[in-house]
Amino acid sequence: MRSIAVLVSIWMMTLPAANAACSGNACDNEYIDMLYVQGSYVLIELSGDKSALSCNLYEGRFIRLNQSHGNYDEVYALLLATQSADRPLGRLRMSSTGNCDVAYAWQVRANIQN
């Protein structure tokens, strides 16, 4: 498992400077404008254009993190830390269920690109 993480880290460092974008089932390098707790969900509003997403946004603008997600605490902590640091989120990937529900998220240290 550690060797996979090292390979992914090396691969990430070779990527050119990334632009913010949402398409398909993922958003890359977007800022978190708002985190909103509603019932059993955390609603996430990202800064960029989400019209190219292939999933259905909640209320037409939010991505949802369900409290039943297996890594809810870790993903929510990552979202809070990223927003508090005013950094873009590396990647937010949605499930392929039709709704824009979080499958996973990752963050990389700022300015590691060439």
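Bear in mind the structure is a predicted one, so any value in this text is a computation, not a measurement. (Residues numbered from 1 in each chain as written. Predicted model: local features only at pLDDT ≥ 70, side-chain atom pairs only at ≥ 80, totals over all residues. Heavy atoms only, no water.)

J.: How should I be thinking about the overall build of the protein chain in this particular structure?
T.: When you go through the protein chain residue by residue, the secondary structure sums to two helices and seven strands. The linear arrangement of helices and strands in the protein chain, starting from the amino end, is α-β-β-β-β-β-α-β-β. Split into buried and exposed, the 114 residues of the protein chain put 32% on the buried side. Nonlocal contacts in the protein chain, meaning residues at least 24 apart in sequence, comprise 54% of its contacts between residues at least 6 apart. Surface exposure of the protein chain reaches about 6800 Å², of which carbon and sulfur atoms provide 52%. (Helix = DSSP H or I, 4+ residues; strand = E, 2+ residues; numbered from the N terminus. Buried < 20%, exposed > 50% of the residue type's maximum accessible area, 1.4 Å probe, protein only. Contact = heavy atoms within 4.5 Å. Areas by Shrake-Rupley, 256 points an atom, 1.4 Å probe, with all protein chains shown as cover.)

J.: So what exactly am I meant to see when it comes to the pattern of salt bridges here?
T.: Note on pairing: side chains with opposite charge can pair once their charged atoms come close. Counted by the stated rule, this structure contains three salt bridges. The shortest N-O distance in the salt bridge between R61 and E45 comes to 3.3 Å. Here R61 is found in the loop between β4 (41-46) and β5 (63-66), whereas its partner E45 is found in strand β4, with 16 residues between them in sequence. Accessibility expressed as a relative area gives 37% for R61, which makes it partly exposed. The exposure class assigned to E45 is buried, which follows from its relative accessible area of 17%. Its salt-bridge partner being R64, residue D101 comes within 2.9 Å of it at the nearest N-O pair. Placement of the pair is D101 in the loop between β6 (89-94) and β7 (102-106) and R64 in strand β5, with a sequence separation of 37 residues. Side by side, D101 and R64 carry an identical accessibility label, which is buried. (Salt bridge = Lys/Arg side-chain N within 4 Å of Asp/Glu carboxyl O.)

J.: Honestly, unusual backbone geometry in this entry has me stumped. Any pointers?
T.: It is generally the case that most residues other than glycine have a negative phi and that most peptide bonds are trans. Even without being a glycine, E59 presents a positive backbone phi close to 55 degrees. Relative to the assigned elements, E59 resides in the loop between β4 and β5. Residue E59 is classed as exposed on the basis of its relative accessible area, which comes to 52%. A positive phi angle is found at D86, which is not glycine, with a value near 55 degrees.

J.: Explanation requested: the state of the cysteines in the structure shown.
T.: Throughout this description, disulfide means a covalent bond between two cysteine sulfur atoms. Overall, the coordinates contain two disulfides when judged by the stated rule. Numbered by position along the chain, the disulfide-linked cysteines of the protein chain connect as 1-2, 3-4. (Disulfide = S-S within 2.5 Å.)

J.: Just to check I follow, could you spell out the nonpolar core for this structure?
T.: Across soluble globular proteins, you tend to see nonpolar side chains buried next to one another. Ranked by size, the top nonpolar core spans 20 residues in total, and within it I44, L46, I63, L65, L79, L92 and M94 carry the most contacts. Once you skip the residues sitting within four places of it in the chain, I63 turns out to touch C27, V42, L43, I44, L46, L57, L92, M94, C100 and V102. (Core = buried A, V, L, I, M, F, W, Y, C linked by side-chain atoms within 4.5 Å.)

J.: I'm lost on the confidence of the model for the protein chain in this one. Help?
T.: Per-residue pLDDT for the protein chain has a mean of 83; in total, 80% of the residues score no lower than 70. Contacts for the low-pLDDT stretch residues 3-17, under 50 throughout, to residues beyond four places or in other chains number nine contacts. (pLDDT = per-residue confidence, 0-100.)

J.: Is there a simple way to explain the side chain of D101 in this structure?
T.: The class of D101 is buried, set by a relative accessible area of 16%. For D101, the contacting residues outside a window of four places in its chain are R64, R93, M94 and S95.

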